[in-house]
Amino acid sequence: MDDDEATQRLQCDMELQFTGPDDATVNKRAADMLRKLADRIEKDEYGTGWHDIKGDDGRLVGKLYLDHSEEYGMTPPEGTRLS
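Quick look at the structure, then. Treat the numbers as computed from the prediction; the structure is a model and nothing was measured. (Residues numbered from 1 in each chain as written. Predicted model: local features only at pLDDT ≥ 70, side-chain atom pairs only at ≥ 80, totals over all residues. Heavy atoms only, no water.)

**Re the sheet that holds strand 1 (residues 6-16)**
Strand order in the open sheet formed by three strands is 1-3-2, with antiparallel pairing between adjacent strands. Two strands in the sheet have a free side with no partner beyond their single neighbour: strand 1 and strand 2 (49-54). Each strand of the sheet is rotated relative to its neighbour by a mean of 20 degrees, with strand direction disregarded. In this sheet, strand 3 (residues 60-72) lies alongside strand 1 in antiparallel orientation, the contact comprising 11 bridges. Note that in strand 3 the partner of Thr7 across the bridge is Glu71. Contacting strand 1, strand 2 and strand 3, helix 1 (residues 23-42) crosses the sheet at an angle of about 150 degrees to strand 1. (Pairing = 2+ DSSP bridges. Helix = DSSP H or I, 4+ residues; strand = E, 2+ residues; numbered from the N terminus. Axes fitted to C-alpha atoms, helices over the stretch in contact; angles between N-to-C directions. Contact = heavy atoms within 4.5 Å.)

In structure tokens form, the structure reads like this:
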């Protein structure tokens, strides 16, 4: 990689909290939300910064932080897929 080429980086931090009558219900709610967040991130619906995450009922279930940046002259870690 040239020193002039940029490597795009994304830092993603989130904290989500779910409640329910049993583990299976809580796990399903978490998995459903993670799929929705993944779709929205892929569609570039979130910019850099903090974002409130609300459940289907409109209640706050957590926060998401994204930081889009680029670095020059850095070799990405082995196994990193750049596309």
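Following the structure, the description resumes.
**Focus: the pattern of salt bridges**
Applying the stated criterion to the full structure yields seven salt bridges. A salt bridge links Asp56 to Lys36; the nearest nitrogen and oxygen atoms lie 2.6 Å apart. With Asp56 in the loop between strand 2 and strand 3 and Lys36 in helix 1, this pair connects stretches of sequence that are 20 residues apart. Classification of Lys36 by relative accessible area gives partly exposed; the value is 37%. Across the salt bridge formed by Asp52 and Lys63, the nearest N and O atoms sit 2.4 Å from each other. With a gap of 11 residues between them, Asp52 in strand 2 and Lys63 in strand 3 connect regions that are remote in the sequence. According to the relative accessible area criterion, Lys63 is partly exposed, its value standing at 37%. Salt bridges sharing partners connect three or more residues here, namely Lys28, Asp32 and Arg35. (Salt bridge = Lys/Arg side-chain N within 4 Å of Asp/Glu carboxyl O. Buried < 20%, exposed > 50% of the residue type's maximum accessible area, 1.4 Å probe, protein only.)

**Overview of the pairing of strand 3**
Across six bridges, the pairing between strand 2 and strand 3 is antiparallel. The residue of strand 3 that forms the bridge with His51 is Leu64. Joining the antiparallel neighbours strand 2 and strand 3 is a turn of five residues, in which Gly58 adopts a positive phi near 85 degrees.

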